[in-house]
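Descriptive structure summary
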Amino acid sequence: MSANEIKHILVVGAGQMGHQIAMLCALGGYRTSLQDVNSEALKDAEASLEKRMDKWVASGKLTASSKETAFQNLTFTDNLNEAARDADFVIEAIVEKLTSKQQLFRELDRLTPKHAILASNSSTIVNSLLAEVTERPDKVCNAHFFFPPLVMECVEIVMSEETSEETAQTALAVCEKIGKEGIILRKEISGFVANRILGAIHKEAVALYENGIADFKDIDLIVKKSLGHPLGPFELIDLSGADVVNFVMQQQFAETGNQADKPAACIVQKVEAGHLGRKTGQGFYSYNRG
């Protein structure tokens, strides 16, 4: 299927990634469905997008008519059967758990038209692990957006050995239409490129902190002042969410068996305490949620 033939994009998962990806697709002119089993998550997603798009209009980044058109393109639904029925391109953005994603891909393979491309926004899970539960492995790929999707420019398009060139090029063309730069990775590796590099920085920063070499605030300050990073590693953990970081590291450990890939103690402690970062108002740092 070519990019020009794609009319309807389905985004599954209305969390911090999914709802912004859906808005990108709607702004790009696609008829877009945002589906989630949690109706409250859908309400929160719609309210968040209304607020953000109002800010874009106020700042001149978006016209009022463009905002109106985008919301006309965008549908919020908890009905996966209905949303998947005529989807041409699906972007999965649910919890970073392999079993959950495999269950969803089985359903999507059954519910969507045979021509539909199934893409995962996973930040670490290679698409061959999802393609194996479908009957269309050539039409499965990763389309890894970065947080926050409405701001970050890059999308990693990852191919498995069975992903077709047509699928990869179509995903690339979709990225272009929604204003993002897609970059194709023709060989799978857990974590892809950006997160492997970022993960190495995070692991070292956490080790320095847990070994008492420096406080997390000082580590962040050094990274920002000496390396020119806009955010320090602990600020980034708070931005992504300690729960997301924990899921990612659990998945990497499950794949590699390397003890160095296990979630760090300080990350596990944050998750157990419910201090997930910006989204809860407390992580390594405290945030005013008002």
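Now for a quick tour of the structure. (Residues numbered from 1 in each chain as written. Predicted model: local features only at pLDDT ≥ 70, side-chain atom pairs only at ≥ 80, totals over all residues. Heavy atoms only, no water.)

1. Examining the sheet that holds strand S1 (residues 8-12)
Read across the sheet, eight strands follow the order S3-S2-S1-S4-S5-S6-S7-S8 without closing on themselves; strand pairing throughout is mixed. At either margin of the open sheet sits one strand with a lone partner, and together these are strand S3 (74-77) and strand S8 (181-185). Between one strand and the next, the sheet's axes are offset by a mean angle of 25°, whatever the strand orientation. Across three bridges, the pairing between strand S5 (residues 117-120) and strand S6 (residues 140-145) is parallel. Following the sheet pairing, Ala119 is matched in S6 by Cys141. Across the sheet, helix H3 (residues 64-73) lies against strand S2 (31-35) and S3, angled at about 40° from S3, the strand it touches most. (Pairing = 2+ DSSP bridges. Helix = DSSP H or I, 4+ residues; strand = E, 2+ residues; numbered from the N terminus. Axes fitted to C-alpha atoms, helices over the stretch in contact; angles between N-to-C directions. Contact = heavy atoms within 4.5 Å.)

2. Quick word on helix H9 (residues 216-227)
Side chains three or four residues apart in an α-helix point the same way, a direct result of the helix having 3.6 residues per turn. For H9, spanning twelve residues, the distance from its first C-alpha to its last is 16 Å, which sits close to the expected 16 Å at 1.5 Å a residue. The set of residues buried in H9 consists of Phe216, Ile219, Asp220 and Val223. Seen from one end, H9 has its buried residues packed into an arc of 100°, which puts them on one side. Every exposed residue of H9 that faces more than 90 degrees away from the buried side is listed here: Ile222, Lys225 and Ser226. Structurally, H9 contributes buried residues whose contacts are with helix H8 (194-210) and helix H10 (233-240). Measuring from the side-chain oxygen of the N-cap residue of H9 to the backbone nitrogen of Lys217 gives 3.0 Å; that N-cap residue is Asp215. The positive-phi residue at the C-terminal boundary of H9 is Gly228, with phi of around 75°. (Expected span 1.5 Å × (residues − 1). Buried < 20%, exposed > 50% of the residue type's maximum accessible area, 1.4 Å probe, protein only. Arc of directions from axis to C-beta. Polar contact = N/O pair within 3.5 Å; in protein donor to acceptor, adjacent residues only side chain to side chain.)

3. Some words on the pattern of salt bridges
Taken as a whole and assessed by the stated rule, the structure comprises twelve salt bridges. Residue Lys139 is joined to Asp138 by a salt bridge in which the shortest nitrogen-to-oxygen separation is 3.3 Å. As a salt-bridge pair, Lys224 and Glu235 come within 3.1 Å of each other at their nearest N and O atoms. Within this pair, whereas Lys224 is found in helix H9, its partner Glu235 is found in helix H10, the two being separated by eleven residues in sequence. Classification of Lys224 as partly exposed rests on a relative accessible area of 26%. (Salt bridge = Lys/Arg side-chain N within 4 Å of Asp/Glu carboxyl O.)

4. Side note on the packing of aromatic side chains
Inspection of every chain in the model, using the stated rule, returns seven aromatic pairs. With a centroid separation of 5.5 Å and 70° between ring planes, the pair formed by Tyr209 and Phe234 is classed as edge-to-face. Taken together, the positions of Tyr209 in helix H8 and Phe234 in helix H10 put the pair 25 residues apart, joining distant regions of the chain. Residue Phe234 is classed as buried on the basis of its relative accessible area, which comes to 0%. (Phe/Tyr/Trp six-rings, centres within 6.5 Å; stacked < 30°, edge-to-face > 60°.)

5. Looking at helix H1 (residues 18-27)
Burial of H1 is extensive: nine of the ten residues sit out of reach of the surface. Every buried residue of H1 is accounted for by Gly18, His19, Gln20, Ile21, Ala22, Met23, Leu24, Cys25 and Ala26.

6. Thoughts on the side chain of Thr124
Tracing the backbone through its elements, the reader meets Thr124 in the loop between S5 and helix H6 (128-131). Dropping the residues within four chain positions of it, Thr124 is found in contact with Glu96, Ser190, Gly191, Phe192, Val248, Gln251 and Gln252.

7. With respect to empty space enclosed by the protein
Summed over the entire model, instances satisfying the criterion amount to one cavity of 30 Å³ or more. Of the volumes computed, that of the largest cavity is approximately 30 Å³. Contributions of two or more residues to the lining of the largest cavity are made by strand S4 (89-92), S6 and helix H7 (165-177). Per-element tally for the lining of the largest cavity: the top contributor is H7, with three residues. Looking at the lining of the largest cavity residue by residue, the classes come out as nine nonpolar, no polar and no charged. (1 Å grid on protein atoms, 1.4 Å probe; cavity = no way out; pocket = protein on both sides within 12 Å on 5 of 7 lines; lining within 4 Å. Points joined across faces, edges and corners; volume = space filled by probe spheres on them. Nonpolar A, V, L, I, M, F, W, Y, C, P; charged D, E, K, R; others polar.)

8. Comments concerning the pairing of S5
What you see with S5 is no split at all: Ile117 and Ala119 on one side and Leu118 and Ser120 on the other are buried throughout. Pairing geometry for S4 and S5, over four bridges, is parallel. Across the sheet, Glu92 pairs through a bridge with Ser120, a residue of S5. Read as a crossover between parallel neighbours, the route from S4 over helix H5 (residues 98-111) to S5 is right-handed. (Right-handed = clockwise from strand over helix to strand, strands pointing away.)

9. Quick look at a nonpolar patch on the surface
Nonpolar side chains collect at one region of the surface, where Val193, Ile197 and Ile201 lie side by side and expose about 240 Å² of accessible area between them. Here Ile201 is to be found in helix H8. On the basis of relative accessible area, Ile201 is assigned to the partly exposed category, the value being 31%. (Patch = residues over 30% accessible without salt bridge, like charges linked within 9 Å, V, L, I, M, F, W, Y side chains within 5 Å. Areas by Shrake-Rupley, 256 points an atom, 1.4 Å probe, with all protein chains shown as cover.)

10. Things to note about the state of the cysteines
A complete count under the given rule lists zero disulfides for this structure. Among the cysteines around Cys175, which has no disulfide bond, Cys154 carries the closest sulfur, lying 8.6 Å off. (Disulfide = S-S within 2.5 Å.)

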